[in-house]
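So you can see what is in the structure, the chains are spelled out below.
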Amino acid sequence: MTEDIRAAIRAERRDQAELLEGLTEDQWDAPSLCAGWTTRHVVAHTTLPFRSKGTRVLLEILKSGGRFNHASDRMARKDAQLPTNDLLNALKANIDHPWTPPGGGPVGALSHDVIHGLDITVALGLGRCRTTG
């Protein structure tokens, strides 16, 4: 079962990378379904575990008085300033990355990727289907 979930995570990340690669800069800067975030912010958020060490996240949570959502928002806003190619390449280079959210396991990682993928595609009015494999 876990390997099936890992395969679904890889497929989701591949699909997202392919979709993101075809977006215009205007679409990268368009609002997502995440309040106050553009596509760029969402990708900065979803690629954070691949680009940052756990110590950065911990320090940001401490700066936010233990409020993870506050820290996450601040990190996404800062990291959204990275070049589009850096964000896209972080996703492409980490399709097989084993990251899971604290306490979420592989199912949590899959949910995270799918939900944030929909935050982008639904807001942009793009169709979204997952490939197999």
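Everything discussed here concerns the structure shown above.
Heads up: these notes are all about the structure in this document. Computed from a predicted model, the values in this text were never measured in an experiment.

Focus on the overall build of the protein chain
Counting its secondary structure elements, the protein chain contains seven helices and zero strands. Listing each helix as α and each strand as β along the protein chain from the N terminus yields α-α-α-α-α-α-α. In terms of overall dimensions, the protein chain has C-alpha extents of about 40 × 40 × 25 Å along its principal axes. Here the protein chain holds 133 residues, and 43% of them are scored as buried. Intrachain contacts of the protein chain at a sequence separation of at least 6 include 71% that bridge at least 24 residues. The centroid of the 16 positive side-chain charges in the protein chain is displaced by 7 Å from the centroid of its 16 negative side-chain charges.

Looking at the side chain of Ser52
Tracing the backbone shows Ser52 in the loop between helix 3 (39-51) and helix 4 (54-63). A polar atom in the side chain of Ser52 sits 2.8 Å from the side chain of Arg56.

As for the packing of helix 1 (residues 2-21) against helix 6 (residues 84-92)
Axes are the key here: two packed helices are described by the angle between their axes and the distance separating the axes. Direction vectors running N to C along helix 1 and helix 6 enclose 155°, while the axes themselves pass 9 Å from each other. It follows that helix 1 is roughly antiparallel to helix 6 by the angle criterion. By crossing handedness, the relation of helix 1 to helix 6 is classed as left-handed. Facing Arg13, Gln16, Ala17, Leu20 and Glu21 of helix 1, the residues of helix 6 in contact are Leu88, Leu91 and Lys92. Here the residues of the contact of helix 1 with helix 6 sort into four nonpolar, one polar and three charged.

Some words on helix 3
Taking 1.5 Å per residue, 13 residues should reach 18 Å; helix 3 reaches 17 Å between its end C-alpha atoms and fits that length. The element helix 3 is largely enclosed, with a buried count of 11 among its 13 residues. For helix 3, every residue scored as buried is listed here: Thr39, Arg40, His41, Val42, Val43, Ala44, His45, Thr46, Thr47, Leu48 and Phe50. Against helix 1, helix 2 (25-28), helix 4, helix 5 (68-79), helix 6 and helix 7 (105-124) lie the buried residues of helix 3.

Topic: helix 6
Inspection of helix 6 places Thr84, Leu87, Leu88, Ala90 and Leu91 among the buried residues, and these make up the whole buried set. Looking straight down helix 6, one finds its buried side chains confined to an arc of 155°; they lie on one side. Contacts made by the buried residues of helix 6 are with helix 1, helix 2, helix 3 and helix 5.

Cut-offs and rules
Residues numbered from 1 in each chain as written. Predicted model: local features only at pLDDT ≥ 70, side-chain atom pairs only at ≥ 80, totals over all residues. Heavy atoms only, no water. Helix = DSSP H or I, 4+ residues; strand = E, 2+ residues; numbered from the N terminus. Buried < 20%, exposed > 50% of the residue type's maximum accessible area, 1.4 Å probe, protein only. Contact = heavy atoms within 4.5 Å. Lys, Arg positive; Asp, Glu negative; His and termini not counted. Charge placed at Lys NZ, Arg CZ, Asp CG, Glu CD. Polar contact = N/O pair within 3.5 Å; in protein donor to acceptor, adjacent residues only side chain to side chain. Axes fitted to C-alpha atoms, helices over the stretch in contact; angles between N-to-C directions. Parallel < 35°, antiparallel > 145°, perpendicular 65-115°, else oblique. Left-handed = near helix turned anticlockwise from the far one by under 90°. Nonpolar A, V, L, I, M, F, W, Y, C, P; charged D, E, K, R; others polar. Expected span 1.5 Å × (residues − 1). Arc of directions from axis to C-beta.

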